[in-house]
Amino acid sequence: MNKELMALLQAMPDGIQDASLNGFSLLLLRQPWGELVLSRQGAQVLHFRPAGRQPLLWLSDCVQPAPAPIRGGIPLCWPWFAAHPQDPSRPFHGLARTALWDIEVKSCDSRGASLVLQPEATLGTGLVPSVTVEVIDQALQVSIATLNATDAPILLSQALHSYLAVSDVNQVVLDGLDGCEYRDKLQDGALCRQQGPLLIRQATDRIYRHDTVTRVQDTGAQRCLGIGKFGSGSTVVWNPGAAAESIADVGMAQQPAFVCVEAANTFVDPVQLLPGQQYRMGTLISILE
Ligand SMILES: O=P(O)(O)OC[C@H]1O[C@@H](O)[C@H](O)[C@@H](O)[C@@H]1O
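Rules of the game
Residues numbered from 1 in each chain as written. Predicted model: local features only at pLDDT ≥ 70, side-chain atom pairs only at ≥ 80, totals over all residues. Heavy atoms only, no water. Helix = DSSP H or I, 4+ residues; strand = E, 2+ residues; numbered from the N terminus. Rg over C-alpha atoms; globule rule 2.2 N^0.38 Å. Buried < 20%, exposed > 50% of the residue type's maximum accessible area, 1.4 Å probe, protein only. Contact = heavy atoms within 4.5 Å. Areas by Shrake-Rupley, 256 points an atom, 1.4 Å probe, with all protein chains shown as cover. Near = heavy atom within 4 Å. Polar contact = N/O pair within 3.5 Å; in protein donor to acceptor, adjacent residues only side chain to side chain. Nonpolar A, V, L, I, M, F, W, Y, C, P; charged D, E, K, R; others polar. Phe/Tyr/Trp six-rings, centres within 6.5 Å; stacked < 30°, edge-to-face > 60°. Core = buried A, V, L, I, M, F, W, Y, C linked by side-chain atoms within 4.5 Å.

On to the overall build of the chain, then. Along the chain, the regular secondary structure elements total two helices and 23 strands. Computed over C-alpha atoms, the radius of gyration of the chain comes to 18 Å, within 12% of the 19 Å expected from 2.2 N^0.38 for 289 residues, which places it in the range of a compact globule. Taken over the C-alpha atoms alone, the chain extends approximately 50 × 45 × 35 Å along its principal axes. In the chain, which comprises 289 residues, the proportion classed as buried is 55%. Pairs at least 24 apart in sequence give 62% of the contacts found in the chain among residues at least 6 apart. For the chain, the exposed surface amounts to about 12100 Å²; the carbon and sulfur share of it is 51%.

Quick look at the environment of Ala 113 now. With respect to the helices and strands, Ala 113 occurs in strand E7 (residues 112–119). Overall, Ala 113 belongs to the buried group, its relative accessible area being 6%. C-alpha separation for the pair Ala 113 and Leu 36, spaced 77 residues apart in sequence, amounts to 9.3 Å. Non-local contacts of Ala 113, meaning those with residues more than four positions away in its chain, are made with Leu 29, Trp 33, Ser 107, Cys 108, Val 133, Glu 134 and Val 135.

In this structure, Gly 251 sits in helix H2 (residues 251–254). We classify Gly 251 as buried; its relative accessible area is 16%. Taking the C-alpha atoms as reference points, Gly 251 and Cys 62, 189 residues apart in sequence, are found 9.4 Å from one another. Beyond its immediate sequence surroundings of up to four residues, Gly 251 is in contact with Ala 244 and Glu 245.

Okay, the site of the ligand next. Residues in close proximity to the ligand include Arg 71, Phe 81, Phe 92, His 93, Arg 97, His 161, Lys 185, Asp 205, Val 236, Trp 238 and Glu 262, which together make up its full environment. Taking His 93, its side chain carries an N or O atom lying 3.1 Å from an oxygen atom of the ligand. Its free accessible area being 400 Å², the ligand has 82% of it covered by the protein chains. Across the shell around the ligand, the residue classes break down as four nonpolar, two polar and five charged.

Geometrically, a pair of aromatic rings is defined through the distance of the ring centres and the angle of the planes. Counted under the stated rule, the structure contains six aromatic pairs. Taken together, a centroid distance of 6.2 Å and an interplanar angle of 90° make the contact between Tyr 163 and Trp 238 edge-to-face. In this pair, Tyr 163 sits in strand E12 (residues 163–165) while Trp 238 sits in strand E20 (residues 234–239), placing the two residues 75 residues apart along the sequence. For Tyr 163, a relative accessible area of 2% translates into the label buried. By relative accessible area, which is 15% here, Trp 238 ends up buried. Among the aromatic residues, those joined into a cluster by ring pairs are Trp 58, Tyr 163, Trp 238 and Phe 258.

Of all hydrophobic cores here, the largest spans 56 residues; its most connected members are Leu 36, Leu 140 and Val 216. Take this core: its biggest share by element is four residues, from strand E8 (residues 127–136). Discounting chain neighbours no more than four positions away, the residues touching Leu 36 are Leu 27, Leu 28, Leu 29, Val 45, His 47, Phe 48, Leu 115, Val 133, Val 135 and Leu 140. Counting residues in hydrophobic clusters, the runner-up holds 14 residues, among them Met 12, Ala 19, Leu 21 and Leu 46.

The following block contains the structure:
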């Protein structure tokens with residue numbers, strides 16, 4: 001967990017405040033319901049901690065300087081997930097995570113908050129995104145609505161790339177995927193089927209055909225996280241395993257501290273957006289027990 005950000009939060013009184021971390025402009029909320037931190041780059045939730053609980057999201061301790069994508073929290077992959085389908089020279093995971101977004105606090109009271117984020121400038125795709133971040137009863141909901149403002153159909157893929165904080169990825173058990181088909185990116189996209197719970201004991205990079213809740217049972221932390229979603233027919237599960245060694249903002253020391261469970265629309269379930277049509281996808285992250 002990022003120590004610099006924890007220090008910023010500890011030093012701040014209850015309220016809403018701007019801050020900066022490694023060149024990234026942040027909005028910090030410290031409230032009776034807990035803490036929430038958003039980055040203006042990427043429309044990215046970096047931190048969420050319900051009052052009296054441990055953080056639900058992991059954020060790298062060695063975030064790379066802006067404008068690199070920020071490793072941790074909930075990066076937004078949009079308007080394409082992974083490599084661009086026609087042009088692999090375009091940025092991996094799309095344009096959103098390196099763009100700057102305006103944040104509007106719609107409401108914030110003793111029980112929760114609601115914020116809306118829109119890009120500062122058009123992203124040049126003809127698609128108009130709007131991200132909503134809500135804290136409701138100790139849970140975090142993030143959604144993205146996409147409007148096709150052109151007069152031609154556009155194919156959209158996307159992900160809310162949630163980095164969930166865990167005590168040790170080698171000990172957690174993921175439930176809710178049993179029986180689902182998946183593509184294994186580490187076996188050339190082989191089509192497989194999940195049998196029983198998923199254990200992460202090595203590098204894992206899978207796209208599940210799945211549209212319900214995933215549960216991350218973490219006995220070390222004595223909690224179970226629920227990752228619910230809507231508008232999403234793919235669930236991506238990722239942890240780099242030993243490959244973390246060569247990822248500057250992860251490394252082997254931090255690799256056990258997270259697992260990504262991403263609500264997504266991938267090549268498995270891309271969204272065909274007709275002219276004037278809007279589509280919303282979201283994820284709800286909460287402590288189940
Ligand atoms: O390092 P990045 O660009 O943030 O991507 C991290 C991972 O994101 C996952 O969603 C992909 O399935 C992986 O293939 C990828 O390695």
